[in-house]
Amino acid sequence: MSTIWKIYGEQPKPEENPEKILTEYASLLSKDTNSIFTGIVTETVREETGTVIYALYIVVPELHDYMYRLIEVNIQSIINQYPLEITLYAKDPRNNRTFTCDNVDSFKTKLLELIESPITSGILMHLKTLIEIKKNI
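Once that is clear, we can look at the overall build of the chain. When helices and strands are counted, the chain shows 3 helices and 5 strands. The order of α-helices and β-strands along the chain, N terminus first, is α-β-β-β-β-β-α-α. Principal axes of the C-alpha set define a box for the chain whose edges measure 70 × 30 × 30 Å. Across the 137 residues that make up the chain, the buried fraction comes to 33%. Sequence-distant contacts, at least 24 apart, represent 41% of the contacts inside the chain between residues at least 6 apart. Accessible surface, the chain as shown: approximately 9200 Å² in total, 54% of it carbon and sulfur. Put simply, the chain has 14 plus and 19 minus side-chain charges, and the middle of one group is 5 Å from the middle of the other.

In this section: the pattern of salt bridges. This model, assessed by the stated rule, comprises 5 salt bridges. As a salt-bridge pair, Lys20 and Glu24 come within 2.6 Å of each other at their nearest N and O atoms. Here the residue Lys20 and the residue Glu24 both occupy positions in helix α1 (residues 18-32), the gap between them amounting to 4 residues, near one helical turn. Given a relative accessible area of 39%, Glu24 falls into the partly exposed group. Residue Glu62 pairs with Lys135 through a salt bridge whose shortest N-O separation is 3.8 Å. Here Lys135 lies in helix α3 (residues 118-135) and Glu62 lies in the loop between β2 (51-60) and β3 (66-75), a separation of 73 residues in the sequence.

Attention shifts here to the packing of aromatic side chains. Going through the model one piece at a time under the given rule, you end up with 1 aromatic pair. Stacked on the ring of Tyr89, the Lys or Arg Arg69 has its end atom at 3.8 Å from the ring centre.

Judged by nonpolar contacts, the single largest core of 28 residues is most densely connected at Ile58, Ile71, Val73, Ile86 and Phe107. Of all the secondary structure elements, the ones that give two or more residues to this core are α1, β2, β3, β4 (84-88), α2 (104-115) and α3. Not counting chain neighbours up to four residues away, the residues in contact with Ile58 comprise Leu29, Phe37, Thr38, Tyr66, Met67, Tyr68, Leu70, Ile123, Leu124 and Leu127.

A word on α1. Here α1 spans 21 Å end to end across 15 residues, near enough to the 21 Å set by a 1.5 Å rise per residue. Restricting attention to buried positions, one finds in α1 the residues Pro18, Ile21, Leu22, Ala26, Leu29 and Ser30. Where α1 is buried, its residues contact β1 (38-46), β2, β3, β4 and α2. The backbone nitrogen of Glu19 lies 2.8 Å from a side-chain oxygen of the residue at the head of α1, namely Asn17. With its phi angle positive at about 55°, Asn34 sits one or two positions after the end of α1.

Each value, and the rule that gives it
- Residues numbered from 1 in each chain as written.
- Predicted model: local features only at pLDDT ≥ 70, side-chain atom pairs only at ≥ 80, totals over all residues.
- Heavy atoms only, no water.
- Helix = DSSP H or I, 4+ residues; strand = E, 2+ residues; numbered from the N terminus.
- Buried < 20%, exposed > 50% of the residue type's maximum accessible area, 1.4 Å probe, protein only.
- Contact = heavy atoms within 4.5 Å.
- Areas by Shrake-Rupley, 256 points an atom, 1.4 Å probe, with all protein chains shown as cover.
- Lys, Arg positive; Asp, Glu negative; His and termini not counted.
- Charge placed at Lys NZ, Arg CZ, Asp CG, Glu CD.
- Salt bridge = Lys/Arg side-chain N within 4 Å of Asp/Glu carboxyl O.
- Phe/Tyr/Trp six-rings, centres within 6.5 Å; stacked < 30°, edge-to-face > 60°.
- Lys NZ or Arg CZ within 6 Å of the ring centre and 35° of its normal.
- Core = buried A, V, L, I, M, F, W, Y, C linked by side-chain atoms within 4.5 Å.
- Expected span 1.5 Å × (residues − 1).
- Polar contact = N/O pair within 3.5 Å; in protein donor to acceptor, adjacent residues only side chain to side chain.

Take a look at the structure:
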């Protein structure tokens, strides 16, 4: 009998996988903020389009594990993951920003840029303020 199950293409390199990269950055959130915030990554598949969506959430344990969706990565093809779209969600939807990344290097560069952006800093400051308000109630 011949082989019927076949794996096509090359094995993706772990350092190029968008989900793994996003998860690594999410894991740094707790360390970088002295555990005030933690980060998690979720995966969703839109059945009608086949798009895979990874979302990076900021979790605030002191606010009953409140979750803020900060970044979303849309992948059109799980086989060829690039190009992909990355979106930074701001408090005001008019300030949301979406970018296309053609390869792993542009994805890592843009992801770091969005994490270090003034919008992200403002969101973290706002969440920290909400924690202080809760403590004083």
